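Below are the chains, spelled out letter by letter.
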Amino acid sequence: MMDNKADPKGILAVGEITAGTLSPISLELLGMGQKLAQARGEELSVVLIDRQAENCAQEAIAHGADRVYLITDAPADQYEGASCTAILENLCTQTIKPAVVLFGQTVTGRDLAPRLAFRLKAGLVTDCLHLDIDPDSRNLIATKPVSGGNVLATYSLQEGVPQMASLRHRAFDAPEPDAHRQGEVLPLPAGVDASAVQAKLMEKVLEETSEGPTLETAEIVVSGGRGLDDLEEFDKYITKGLAEVLGAAVGATRGAVDGGLQPEQHQIGLTGKIVGPKLYIAVGVSGAIQHMAGCSGAKNIVAINIDENAQIFRFAKFGIVGSYKEVLPTLIEKLKELELS
Amino acid sequence: MNIIVCIKQVTDPDIPASDYAVDTAAKRINLPDDAPLVINPYDENALEAALQLKDQTGGKITVVSLATRPAKRVLRDLKQALAMGADEAILLEDPAFEGGDSHSTAYALAKAIQKLGEFDLVLCGLQAADWDAGQVGLGIAENLGLPSATYVTHIEAGDGHVRMIRMIENGHEVLELPTPCVLSIANDKNLAPRIARLAGIIKAKKRELPVWSAAALEADPSRIGTAGARTTLHKLALPDITGSCEFIKGESPAESAALLVDRLHTEKII
Ligand SMILES: Cc1cc2nc3c(=O)[nH]c(=O)nc-3n(C[C@H](O)[C@H](O)[C@H](O)COP(=O)(O)OP(=O)(O)OC[C@H]3O[C@@H](n4cnc5c(N)ncnc54)[C@H](O)[C@@H]3O)c2cc1C
């Protein structure tokens with residue numbers, strides 16, 4: 001009874017686990033969450049819904065969590081929207097009443113955050129670059145790119161329900177882990193059964209892992225756009241050309257994906273992956289703001305484009321105006337020579 | 001199959017960044033008057049997905065759009081959808097819809113869908129190119145209490161269910177959901193919107209389209225427009241894109257390439 005009347009309190013981050021450890025965005029979320037928790041003078045909790053959640057509890061505490069909720073008995077073996085929403089609904093209305101709920105802007109976060117927001121009738125700002133607490137009202141202030149990134153919009157959110165936001169990957173640096181940090185680990189029952197599952201998983205197909213590094217971790221990413229003539233050219237110049245000689249991961253624009261030059265999983269940008277390599281080479285890419293949303297965190301951008309007015313040159317450190325057909329053969333050859341020397 | 005597709009009109013997302021300006025006092029984004037308006041690209045993918053299902057299994061497609069600008073312009077998009085092969089189109093228009101966010105929009109669209117009655121599928125685009133929120137599809141599902149999925153790139157009709165491909169970070173899932181359900185569609189090489197045929201365009205031009213007001217939807221006034229919004233826009237700003245590109249210019253493309261490799265090497269980037 002008392003509990004139901006209590007003011008919403010604390011920050012709750014919804015963490016994700018990939019390959020047995022907290023995903024990079026979850027670490028960033030903990031850093032941001034701890035900052036917000038301090039600004040509100042409250043604690044940061046994280047909830048992990050995963051069979052292996054236990055293994056990640058200390059990692060979460062080391063990165064800023066004051067409390068870790070472990071839910072290992074969800075009815076679906078992996079992420080399923082409807083049942084995860086039901087679990088979080090219970091958590092947010094019965095177990096704890098968080099003032100702020102944070103997600104990563106990932107494939108899962110994009111699916112889960114809106115479901116929960118509508119369930120709780122709570123405001124949600126997706127894909128945020130900055131989050132802050134207003135010192136007077138103690139409310140969440142969320143800034144996100146709109147119009148593809150051409151404009152930045154800052155929002156406040158309705159009070160009385162959790163204030164929700166999802167954070168863009170690489171918008172905030174993950175904190176350094178502190179192995180001495182103390183925190184509480186609380187296993188919780190999912191509280192929902194198999195009837196909460198709506199989507200039946202028939203098959204899960206993982207992309208064949210190519211020899212090269214993943215987009216997520218690559219030091220160098222080579223991306224091709226619609227400027228490449230066809231699949232053969234993409235393969236010859238990008239995948240088996242520039243990317244191979246550099247040991248780089250292969251990215252693509254939406255233009256290239258729509259044209260069938262690369263599968264969607266390689267799309268970089270607003271609705272694709274966010275990468276932050278040391279070197280990003282864009283070939284036949286116009287530099288649409290929606291694409292740049294996924295790579296502007298690269299330390300160095302190099303662009304090769306036939307059009308000297310292409311917007312990509314506004315973001316690039318080095319540029320060559322010319323056709324990839326004329327530039328890339330020498331580029332690849334010289335890089336090979338460098339490799340051998 | 002009975003399919004409802006929600007489409008939104010947006011400013012062409014491909015206009016250059018330099019066209020954007022903001023009026024900070026009015027909290028408004030200002031764009032050149034002649035900036036082209038288009039159907040949101042992801043909504044075109046959703047429409048194409050619906051048309052492909054209709055090609056395979058027959059049925060009916062109804063397109064719904066909530067007008068956020070003068071109705072005449074949005075009617076043009078609805079007619080384009082009809083010309084492409086949709087059967088019915090409905091415009092939701094009311095000053096009371098203004099100032100809404102994802103909550104208000106999803107509620108109004110859900111009310112319209114309820115009014116339409118029987119359907120098997122509702123398709124939305126993954127996100128709209130103006131506010132980039134990516135919430136409305138899931139919001140419609142929550143309002144109607146229906147199952148939903150996002151990042152869908154392929155749909156197959158079944159008996160009482162649909163089977164779909166959903167993209168995930170490192171591959172894809174094949175999922176089955178009972179119908180009716182709500183799906184948010186992503187881009188895929190097989191979902192490029194078809195071109196309307198001339199006969200379709202001429203036929204669509206003559207159609208009178210129904211326009212539904214908030215009252216016609218029996219919408220709760222506290223849940224539409226500004227009243228229904230759960231977020232408040234505080235500030236708009238332009239990001240600073242401070243690029244200073246060093247163009248590498250050799251005598252030939254090959255020489256430029258060689259100079260670039262040298263430059264990257266001396267800068268210790270490679
Ligand atoms: C809501 C929304 C989300 C989006 N999300 C994404 C996203 O996540 N990722 C993304 O990439 N896009 C996204 N887009 C699409 C984006 O707006 C652009 O349409 C897209 O990035 C363009 O791809 P492109 O650069 O390959 O194609 P284009 O814009 O067509 O550019 C092709 C370029 O190739 C150059 N070129 C042509 N021939 C040659 C040659 N021989 N040699 C060298 N250069 C050549 C041209 O000069 C041109 O600059 C999104 C759009 C919307 C509305």
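Treat the numbers as computed from the prediction; the structure is a model and nothing was measured.

About the cut-offs
Residues numbered from 1 in each chain as written. Chains lettered and ligands numbered in written order. Predicted model: local features only at pLDDT ≥ 70, side-chain atom pairs only at ≥ 80, totals over all residues. Heavy atoms only, no water. Pairing = 2+ DSSP bridges. Helix = DSSP H or I, 4+ residues; strand = E, 2+ residues; numbered from the N terminus. Axes fitted to C-alpha atoms, helices over the stretch in contact; angles between N-to-C directions. Contact = heavy atoms within 4.5 Å. Domains from an automatic or database assignment. Buried area = accessible area lost by both parts, 1.4 Å probe. Salt bridge = Lys/Arg side-chain N within 4 Å of Asp/Glu carboxyl O. Polar contact = N/O pair within 3.5 Å; in protein donor to acceptor, adjacent residues only side chain to side chain. Patch = residues over 30% accessible without salt bridge, like charges linked within 9 Å, V, L, I, M, F, W, Y side chains within 5 Å. Areas by Shrake-Rupley, 256 points an atom, 1.4 Å probe, with all protein chains shown as cover. Buried < 20%, exposed > 50% of the residue type's maximum accessible area, 1.4 Å probe, protein only. Disulfide = S-S within 2.5 Å. pLDDT = per-residue confidence, 0-100.

1. So, the sheet that holds strand 10 (residues 151–157) of chain A
Alright, step 1. Within the open sheet, the four strands sit side by side as 8(A)-9(A)-10(A)-14(B). Their pairing is antiparallel. Lying at the two open borders of the sheet, with one neighbouring strand each, are strand 8 (130–133) of chain A together with strand 14 (231–237) of chain B. Here the average twist between neighbouring strands, direction ignored, is 25 degrees.
Alright, step 2. Here strand 10 of chain A pairs with strand 14 of chain B via six bridges, running antiparallel. Bridge assignment links Leu 152 of chain A to a residue of strand 14 of chain B, and that residue is Ala 237 of chain B.
Alright, step 3. Of the strands in this sheet, strand 8 and strand 9 (140–146) of chain A touch helix 2 (residues 24–40) of chain A, which is tilted by about 20 degrees from strand 8 of chain A.

2. Considerations on the domain arrangement of chain A
All names here are of chain A.
Alright, step 1. On domain assignment, one finds that chain A holds domain 1 (11–196) and domain 2 (220–340).
Alright, step 2. Between the C-alpha centres of domain 1 and domain 2 there is a distance of 33 Å.
Alright, step 3. Across the contact, nine residues belong to domain 1 and eight residues belong to domain 2.
Alright, step 4. On the domain 1 side of the contact with domain 2, Gly 148, Arg 168 and Arg 170 bury the most area, a combined 56% of that side's loss.
Alright, step 5. Where domain 1 packs against domain 2, one counts zero salt bridges.
Alright, step 6. Across the contact surface, domain 1 and domain 2 share three residue pairs in polar contact (both at pLDDT 80 or more).

3. Overview of a nonpolar patch on the surface
All names here are of chain B.
Alright, step 1. Together, Leu 198, Ile 201 and Ile 202 give the surface a local cluster of nonpolar side chains, amounting to about 290 Å² of exposed area.
Alright, step 2. As for its placement among the helices and strands, Leu 198 is situated in helix 5 (residues 198–206).
Alright, step 3. Looking at Leu 198, the relative accessible area reads 61%, which means it is exposed.

4. Focus on the pairing of strand 8 (residues 121–125) of chain B
Residues and elements named next belong to chain B.
Alright, step 1. Taken across its five residues, strand 8 has five buried, putting it largely inside the fold.
Alright, step 2. Because side chains alternate across strand 8, one face comprises the buried residues Leu 121, Leu 123 and Gly 125, and the other comprises Val 122 and Cys 124, equally buried.
Alright, step 3. As defined by bridge partners, strand 1 (residues 2–6) adjoins strand 8 across three bridges and the pair is classed as parallel. Of the residues in strand 8, the one forming a bridge with Val 5 is Leu 123.

5. Comments concerning the interface of chain B and chain A
How big an interface is tends to be stated in terms of the accessible area lost upon association of its parts.
Alright, step 1. Taken together, the contact between chain B and chain A spans 83 residues of the former and 78 residues of the latter.
Alright, step 2. Considering only the surface of chain B that becomes buried against chain A, Glu 142, Glu 169 and Arg 230 of chain B emerge as the three largest contributors, covering 10% of it.
Alright, step 3. Counting across the chain B and chain A interface gives four salt bridges.
Alright, step 4. Its salt-bridge partner being Lys 317 of chain A, residue Glu 267 of chain B comes within 3.9 Å of it at the nearest N-O pair.
Alright, step 5. Counting across the chain B and chain A interface gives 38 residue pairs in polar contact (both at pLDDT 80 or more).

6. Looking at the sheet that holds strand 14 (residues 220–224) of chain A
Alright, step 1. The strand order 15(A)-14(A)-16(A)-17(A)-18(A)-15(B) describes an open sheet built from six strands, whose pairing is parallel. Two strands close off the open sheet at either side, each with one partner strand: strand 15 (249–252) of chain A together with strand 15 (246–247) of chain B.
Alright, step 2. When strand 14 of chain A meets strand 16 (residues 279–283) of chain A, the two strands line up parallel, connected through five bridges. Bridged to Gly 224 of chain A within strand 16 of chain A is Val 283 of chain A.
Alright, step 3. Across the sheet, helix 9 (residues 324–340) of chain A touches strand 16, strand 17 (300–305) and strand 18 (318–321) of chain A, and the angle it forms with strand 17 of chain A is around 130 degrees.

7. Describing the state of the cysteines
Cysteine pairs can be linked by a disulfide, which is a covalent bond between their two sulfur atoms.
All names here are of chain A.
Alright, step 1. Per the counting criterion, the structure on display carries zero disulfides over all chains.
Alright, step 2. Among the cysteines around Cys 84, which has no disulfide bond, Cys 92 carries the closest sulfur, lying 13 Å off.
Alright, step 3. The exposure class of Cys 84 is buried, given its relative accessible area of 8%.

8. Comments concerning the pattern of salt bridges
Residue and element names in this part refer to chain A.
Alright, step 1. Using the criterion set out here, one finds 30 salt bridges over all chains in the structure.
Alright, step 2. Residue Arg 51 is joined to Asp 77 by a salt bridge in which the shortest nitrogen-to-oxygen separation is 3.0 Å. Of this pair, Arg 51 sits in the loop between strand 4 (44–49) and helix 3 (57–62) while Asp 77 sits in the loop between strand 5 (67–71) and helix 4 (81–95); the two residues are 26 residues apart in sequence, bridging distant segments of the chain.
Alright, step 3. Assessed through its relative accessible area of 33%, Arg 51 is described here as partly exposed.
Alright, step 4. Notably, a salt bridge pairs Glu 233 with Lys 325, separated by 4.0 Å at the nearest N-O pair. Of this pair, Glu 233 sits in helix 6 (residues 231–246) while Lys 325 sits in helix 9, placing them 92 residues apart in sequence.
Alright, step 5. The class of Lys 325 is partly exposed, set by a relative accessible area of 38%.

9. Here we look at the confidence of the model for chain B
Alright, step 1. Here chain B averages 96 in pLDDT, while 100% of its residues score no lower than 70.
Alright, step 2. Note on the complex model: pTM 0.96, ipTM 0.97.

10. Quick notes on the environment of Gln 78 of chain A
Residues and elements named next belong to chain A.
Alright, step 1. Within the secondary structure layout, Gln 78 lies in the loop between strand 5 and helix 4.
Alright, step 2. For Gln 78, a relative accessible area of 27% puts it in the partly exposed group.
Alright, step 3. When the C-alpha atoms of Gln 78 and Asp 50 are compared, they prove to be 7.2 Å apart, with 28 residues separating the residues in sequence.
Alright, step 4. Among the polar contacts made by the side chain of Gln 78, one reaches the side chain of Lys 204 at a distance of 2.5 Å.

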